[in-house]
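Summary of the model geometry
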Amino acid sequence: MTPRYAGLVSRGAARVVDMALLAVLVGGAGWLVQQFLGGDAVGCAPAQSWWQVRRHLCQFIPYVIPVAAVWFPALYYVLFWTTVGQTPGMALLGLRLLRSDGGKVGPVTALKRFLAVTLSMVTLGMGFLMVLVTERRRTLHDLLAGTVVVYDWGDASRARARTGRAVV
Amino acid sequence: MARLVETRLAEALIDQVLRALMESRTLEQLVIRLLERPEVSGAIDAQVDRQVDRVLKALENDDSLRQLVREQADAYLKHLTEHPEPVRQLIQDQSRGMARDIQESVRAAALDADDVVETWVHRKLGRS
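Below is a summary of the structure that appears in this document. (Residues numbered from 1 in each chain as written. Chains lettered and ligands numbered in written order. Predicted model: local features only at pLDDT ≥ 70, side-chain atom pairs only at ≥ 80, totals over all residues.)

The next point concerns the overall build of chain B. Looking only at helices and strands, chain B has five helices and zero strands in total. Ordered by position from N to C terminus, the α and β elements of chain B give α-α-α-α-α. Across the 128 residues of chain B, 3% fall into the buried class. (Helix = DSSP H or I, 4+ residues; strand = E, 2+ residues; numbered from the N terminus. Buried ≥ 20, exposed ≤ 12 C-beta atoms within 10 Å, placed from the backbone.)

See the structure below:
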């Protein structure tokens, strides 16, 4: 069955959903860490002795949170792409990430794609807009990582009936 | 005797005529056309409304019926309190169905928008 490649709006909407979800997760995790370690807007209370472990750890909050804000999204995308082939946002919009030869995406490809997304961003979003003009609707990060995004609504017959075209 | 035969014959004849009328497509079409006329359908609706009002009014003043409804309602409520699973399942199924419908409409709208945006861009760029 010929796959149908996902366009700009579907992919953009999926990304917005994922970003919102990530913001909630990262924000929530940060808040929990702060609550646990006792940090606040003013700062951590200084440790009076070596056994006040929480107070010692609290000093690391300013470093841990920015690092987590970078690593958590990487983990989120790579984990979802490699295990189920779609992030929650992509699942909502009925999209699936595949290798350009149709195979399942592995961890190396997923990580390469995640890093390549940065390139799509630094080109003022031109990397994302490439989906409008490239064959098989591929973005810059798709081209660099060797991936494609296809529609996958599960019930292919219904989608095909609606669009008149094949859906993976 | 002659009267009896006459009656039987008349009944059989009426029966045959009625059966023929019931099976008649022409008559069916005629009745449908008649019912579609506004003055006829209006008159029927008014008559039905009057009958319904009359029955409801009669039921409103019926104490035994009120008592029966109260008993039945109590029995249903008791049953639902003791066995909430089917109702819970029904609500869950309905919620799931609604969520699925919303998801499908979002997907369909996004898919249409994908094509619209792409067509627009290609037209602007002078591509086919």
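To continue, consider the interface of chain A and chain B. Across the contact, 14 residues belong to chain A and 11 residues belong to chain B. Those elements giving two or more residues to the side of chain A that touches chain B turn out to be α1 (8–37), α4 (88–93) and α8 (156–163) of chain A. When residues in the side of chain A that touches chain B are grouped by element, the largest group, four residues, is from α1(A). (Contact = placed C-beta atoms within 7 Å.)

Residues and elements named next belong to chain A. Structurally, L22 can be placed in helix α1. A residue is classified by how many C-beta atoms lie within 10 Å of it, and L22, with 18 of them, is partly exposed. Sequence separation between L22 and A69 is 47 residues, and the spatial gap between their C-alpha atoms is 9.1 Å. In contact with L22, not counting residues within four places along its chain, are P73 and Y76.

Counting residues in each nonpolar core, the largest one holds 22 residues, and the members touching the most others are A:A6, A:L93, A:L95, A:V149, A:V150 and A:Y151. Counting only elements with at least two residues in this core, the list comes to α1, α3 (61–83), α4, β1 (95–99) and β2 (147–151) of chain A together with α5 (85–125) of chain B. (Core = buried A, V, L, I, M, F, W, Y, C linked by C-beta atoms within 7 Å.)

The subject of this paragraph is helix α4 (residues 63–82) of chain B. If you check α4(B), its first and last C-alpha atoms are 29 Å apart, about what 20 residues at 1.5 Å a residue would give, namely 28 Å. Across the 20 residues that make up α4(B), only a small minority, zero, are buried. (Expected span 1.5 Å × (residues − 1).)

Okay, the environment of A:L97 next. Residues and elements named next belong to chain A. Here L97 shows up in strand β1. The buried category is assigned to L97, around which 26 C-beta atoms lie within 10 Å. Placed 52 residues apart in sequence, L97 and V149 show a C-alpha to C-alpha distance of 4.6 Å. Not counting residues up to four positions away in its chain, the partners in contact with L97 are W81, G85, Q86, V105, T147 and V149.

Another aspect to go through is the pairing of β2(A). All names here are of chain A. Of all five residues in β2, five are buried, a share of seventy percent or more. Where burial is concerned, the two faces of β2 agree: the one with T147, V149 and Y151 and the one with V148 and V150 are both buried. Relative to β2, β1 is paired through five bridges, and the arrangement is antiparallel. Within β2, the residue paired with R99 across the bridge is T147. (Pairing = 2+ DSSP bridges.)

Attention now moves to helix α5 (residues 107–122) of chain A. Residues and elements named next belong to chain A. Under the 1.5 Å per step criterion, the end-to-end length of α5 is 23 Å for 16 residues, consistent within 8% with the ideal 22 Å. Restricting attention to buried positions, one finds in α5 the residues T109, A110, R113, V117 and S120. Along the axis of α5, the buried positions cluster into a sector of 95 degrees, meaning they face one direction only. Pointing more than 90 degrees away from the buried face of α5 are the exposed residues P107, V108, T118 and V122. Contacts made by the buried residues of α5 are with α3, β1, α6 (126–129), α7 (140–145) and β2. (Arc of directions from axis to C-beta.)

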